[in-house]
Amino acid sequence: AKMSGTVELFQQCLGKYDPDLIVSLHPLTQDLPIRAMKANGKVVPFVTVVTDLASAHPHWFDKRVDRCFVPSTSLLRMAKYRGLSDEQLRLYGLPIRPTFWQAPKAKELTKRALGLRADMQTVLVVGGGDGVGGLGTIVEEIAALAVDELPGQV
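Residues numbered from 1 in each chain as written. Predicted model: local features only at pLDDT ≥ 70, side-chain atom pairs only at ≥ 80, totals over all residues. Heavy atoms only, no water.

Undergrad: Describe the overall build of the chain, and please don't skip the residues or the numbers.
TA: The number of helices and strands found in the chain is five helices and six strands. Listing each helix as α and each strand as β along the chain from the N terminus yields α-β-α-β-β-α-β-α-β-α-β. The buried share of the chain, reckoned over its 154 residues, is 24%. Pairs at least 24 apart in sequence give 35% of the contacts found in the chain among residues at least 6 apart. As displayed, the chain has an accessible area near 11000 Å², and 59% of this comes from carbon and sulfur atoms. (Helix = DSSP H or I, 4+ residues; strand = E, 2+ residues; numbered from the N terminus. Buried < 20%, exposed > 50% of the residue type's maximum accessible area, 1.4 Å probe, protein only. Contact = heavy atoms within 4.5 Å. Areas by Shrake-Rupley, 256 points an atom, 1.4 Å probe, with all protein chains shown as cover.)

Undergrad: Describe the environment of Thr 29, listing the residues and the values that go with them.
TA: Take Thr 29: it is sitting in the loop between strand E1 (22-24) and helix H2 (31-40). Spatially, the C-alpha atoms of Thr 29 and His 59 are 8.6 Å apart, while their sequence positions differ by 30 residues. Among the polar contacts made by the side chain of Thr 29, one reaches the side chain of Ser 24 at a distance of 2.7 Å. Side-chain polar atoms of Thr 29 contact the backbone oxygen of His 26, separated by 2.9 Å. (Polar contact = N/O pair within 3.5 Å; in protein donor to acceptor, adjacent residues only side chain to side chain.)

Undergrad: An account of helix H3 (residues 73-81) is requested, with residue identities and associated values reported.
TA: All of the buried residues in H3 are Leu 75, Leu 76 and Ala 79. The arc that holds the buried residues of H3, viewed along the axis, is 110 degrees, so those residues lie on one side. Among the exposed residues of H3, those oriented more than 90 degrees off its buried face are Arg 77 and Tyr 81. Buried residues belonging to H3 abut strand E3 (67-70) and strand E4 (89-91). With its phi angle positive at about 105 degrees, Gly 83 sits one or two positions after the end of H3. (Arc of directions from axis to C-beta.)

Undergrad: Give a detailed account of unusual backbone geometry, specifying residues and quantitative values.
TA: Keep in mind that most residues, glycine aside, have a negative phi and that most peptide bonds are trans. Notably, Asp 18 is not glycine yet its phi reads approximately 45 degrees, a positive angle. Mapped onto the fold, Asp 18 is located in the loop between helix H1 (2-17) and E1.

Undergrad: Tell me about the confidence of the model for the chain, and name the residues and values.
TA: Per-residue confidence for the chain gives a mean pLDDT of 85; residues scoring 70 or more make up 88%. Between the elements of the chain, mean pLDDT differs from a low of 63, seen in strand E6 (residues 152-153), to a high of 97, seen in E4. (pLDDT = per-residue confidence, 0-100.)

Undergrad: Can you break down the sheet that holds E3 residue by residue, with the values?
TA: Ordered by their spatial adjacency, four strands build an open sheet running E1-E2-E3-E4, and the pairing between neighbours is parallel. Both edges of this open sheet fall to E1 and E4, since each of them pairs with a single strand only. The mean angle between the axes of side-by-side strands here comes to 20 degrees, regardless of whether they run parallel or antiparallel. Across the face of the sheet, H3 comes into contact with E3 and E4 while running at roughly 170 degrees to E4. (Pairing = 2+ DSSP bridges. Axes fitted to C-alpha atoms, helices over the stretch in contact; angles between N-to-C directions.)

In structure tokens:
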């Protein structure tokens, strides 16, 4: 029942936004939108962009997609093993902004640009795609450590 309610939400979104293309960037967002399109009788090109590099969850590879962009030959092989055709597959690499390929600026310049002190150690806290619960609490606790025990900034 829960799944059918989610399909209905996707159906409502399809009706409201009338997309020209649907792009999935997560392995668990293939099945439900595709089912919603089928239930609506609406045909919208559906594309998956696999963002894992060397190994991937099988749900990335849904045979009903129009195109599946994969970043590596190992995932191209996996997609074929999972039943996707050559016509569906594109070996494209990871979609990364060009600035990620540029040589990094000196740490001091980056810290100043972010309003941080250049003469202090800095902690960067990030949460991954699988989610990190309580990230705000983690940051607060690390910041408290930085103030109380370490000469640094968060």
